[in-house]
Each structure stands twice: as structure tokens, then as C-alpha cells.
Amino acid sequence: MKIGIPRGLLYDHYQFLWKSFFENLGAEVVISQKTNKKIVDDGVAVTVDEACLPVKVYHGHVMDLRDKVDFIFVPKIMSIHEKEYICPKFCGLPEMIKTSISNLPTIIDPTIDFIKNKKHLLEIVYEIGGYVTYDKRKIRLSFEEALKSHQNYKNKMKQGFFPMDLDKKHEEKHEAKHKEDTQKILLLGHPYNIYDEYLSMNIVEKLRKYGMTVITQDHFSKDQINPQMNELQKKMFWTFGRKMLGAALYAMEQEDIQGIIYLSSFGCGIDSVIADIVERRTRRNSKKPYILLTMDEHTGEAGIDTRIEAFVDMIKWRVENENYVSTHGQYISAR
Ligand code: SF4
């Protein structure tokens, strides 16, 4: 039995959970190809114009799997953390897929609410595992094993790991992580934007080539993010927005983080709100350079490269001429 998992949206976040789970049950797991031009074009062709780029690309990943597998796993994820929400597009994803793409194999589309109690989660796990085996004990044990893989992966992420480094050779990873860089950049964005090499136009690698150390919101701990968010007047109830904003506010106070880049999807409501708050707070509270890079299917790589290059030049210049001029043009001190 072949089960396909589309390499889009929350794939990176849960890749070790679902892949390990199905494999532990004895199924063959097929992951769609890495995002490429065909996947983007196929996704764009079948989705409505109003959809954001990551949702369009997810459709392309489903199309990549359509003729290769017996089932495609498209969970309907309702929430991840208590009293928080994720974008409504995740709740309607299976329906969007089924109405936009024809001749699909069976879609495994459980409704997953990670904040409900363990009993509820186990029922969902039995429902998903039931596509492969009727043996409930095997399903439970397979899921428990998969949870361990998921936890290991999350721990690695906290230590500065990037999902795209998984495929790299040991030496390349070592080089990417341990260059004696002095400039550290915080890259913010939904995980499916910043960790997708094609969609992000390889921004992590580009920054590394300029000698920058890149960190993301996933590399911060709860102890670093929560106190920042507790000081806001209103609770931020979007899970990914909360993480991005908390990381940005924390980074603004850290001397070793020299700049902030926000990679956003055109038309994303959450990105537009969070990016606006990050920009205003950065201007008000810190001297750090900040840029917003917005992408859609028409974004040209040359324009993005030019902006990244200028941003890196500014950071290097500021490090050499410390405390001379602020990001926004005001003099901090005269030489
Ligand atoms: S949060 Fe934004 S980018 Fe993500 S699926 Fe929703 S609209 Fe798209």
C-alpha cells in the first residue's frame, strides 16, 4: 500500500510524525518531489486566484502524487496549541483539494485538533491507522514511536537545525552551521515559506554565502518567546504569528542579532498583521535593519537578490561603523 504525503504547508513541521507512523504500520510512504516550477505551475492552474502561494503550491504537490499512490494524506488541522488558532485555510484544505483536483485517489482527511485530550487524539490515530491495519495495538505503538521521532526533530530544530539541511552531506551541514560568522540574521516567516528552498528562492543559503548565520523563530525557546508575548496588550491567538512576533521582539533586545528579514506570502492576512507590528516595533524599539520580502508566483528572483545583497551590505557597514547611523536614517551619535 502506498500513501502519499504532499511536501507542502505543514509537511516540514510534522514530517517525522506522519512518515514514521505510516512506515511503522508497514505502508510505503511517497513524499511529493521538492517544490519546482512544474509543481508551482500545476498548483496555480487549479486553484482560485485569491489563494495564497503556499496553498496553491500544496495543490501542485497533491497533483505530483495523484498517479503514484493509493492514498493521499491531507489532514484537516484545526489547532496546534491551546487557546490558539491556525489559518482557516488549513481547516478547509481537504475540501479545497477535492473540489479543485480531479481523478484523485482516496484522500485520508482526518480532522486533527491537537489541543483536545489524548483520548480524542488516539481515536483519530486509530481512524488514520485503520487505512493500513485493523490491529489497534500496532496502531497505538506505531504512533508512540512516531511521536518520539517527532520530538527528536523538534529538539533538533531548537538547537538551530534547518529541515533543508537534512538532505545535505555532513561536511556541508558542518560548514553551514559552524562558519565563524559574526553577523546573525533572524529570518521570520511561515515555516512552509522559509524552509521551502524553491519558494524562498534559497534565501537561507544565499545569506549563508554572504557569511551570515541564519536563525528562525523555530530556534527560540518558550522561555524566550512567552515573556515577550505576555507583555502585549492583546493576546496573539495565531500560533505561527505568536511565534514569529515573540521571536522578533526577543531578537530586538539581543545585541548579537544584527537584522531581521520577514518573508511573507502576498495576500496572507496573518503575515500582513504580524509584519506590520514587527516593522513598527523594530523602528520604535531597536536600531536593527529590517526588510519585508513579499512573494507570490510572479516574484522575480533578481529583485529579491538585489534587496538581500543591499541588506547584507548595510549590516556589514553598520557593524564596521557601529552606532553611527540608525536603520531609519537618524543619527545615533556623531563621529
Ligand atoms: S497563514 Fe497565510 S500563507 Fe499560511 S495558509 Fe494561511 S493565508 Fe496562506
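Computed from a predicted structure; not experimentally measured.

Engineer: What exactly am I supposed to notice about empty space enclosed by the protein here?
Structural biologist: The rolling of a water-molecule-sized probe over the atoms marks out the regions of remaining empty space. With the rule as written, the count across this model stands at two cavities of 30 Å³ or more. Counted as a void, the largest cavity has a volume near 170 Å³. Taken together, 15 residues form the lining of the largest cavity, with Gly 8, Leu 10, Tyr 11, Tyr 58 and Pro 75 sitting closest to its centre. Every residue lining the second largest cavity is listed: Ile 86, Cys 87, Phe 90, His 190, Tyr 192, Trp 238, Phe 240 and Ile 270. A breakdown of the residues in the lining of the second largest cavity according to their chemical character gives seven nonpolar, one polar and no charged. Split by domain, the lining of the second largest cavity shows at least three residues from each of two domains, domain 1 (2-157) and domain 2 (162-320).

Engineer: It is not clear to me how the domain arrangement of the protein chain should be interpreted in this structure. Could you clarify?
Structural biologist: The accessible area lost on association of the parts is a frequent measure of interface size. Taken domain by domain, the protein chain holds domain 1 (2-157) and domain 2 (162-320). Taking only C-alpha atoms into account, the centre of domain 1 sits 26 Å from that of domain 2. The partner domain 2 presents 23 residues to the 27 residues of domain 1 that form the contact. Of all residues in domain 1, Leu 53, Glu 84 and Met 157 bury the most surface against domain 2, accounting for 27% of the area lost on that side.

Engineer: How do you make sense of the site of the ligand when you look at a structure like this?
Structural biologist: As a matter of local geometry, the ligand sits amid Cys 52, Pro 54, Val 55, Cys 87, Lys 89, His 190, Tyr 192, Ser 265, Cys 268 and Ile 270. Residue classes in the shell around the ligand are distributed as seven nonpolar, two polar and one charged. When residues of the shell around the ligand are assigned to domains, at least three map to each of domain 1 (2-157) and domain 2 (162-320).

Conventions we followed
Residues numbered from 1 in each chain as written. Predicted model: local features only at pLDDT ≥ 70, side-chain atom pairs only at ≥ 80, totals over all residues. Heavy atoms only, no water. 1 Å grid on protein atoms, 1.4 Å probe; cavity = no way out; pocket = protein on both sides within 12 Å on 5 of 7 lines; lining within 4 Å. Points joined across faces, edges and corners; volume = space filled by probe spheres on them. Nonpolar A, V, L, I, M, F, W, Y, C, P; charged D, E, K, R; others polar. Domains from an automatic or database assignment. Contact = heavy atoms within 4.5 Å. Buried area = accessible area lost by both parts, 1.4 Å probe. Near = heavy atom within 4 Å.

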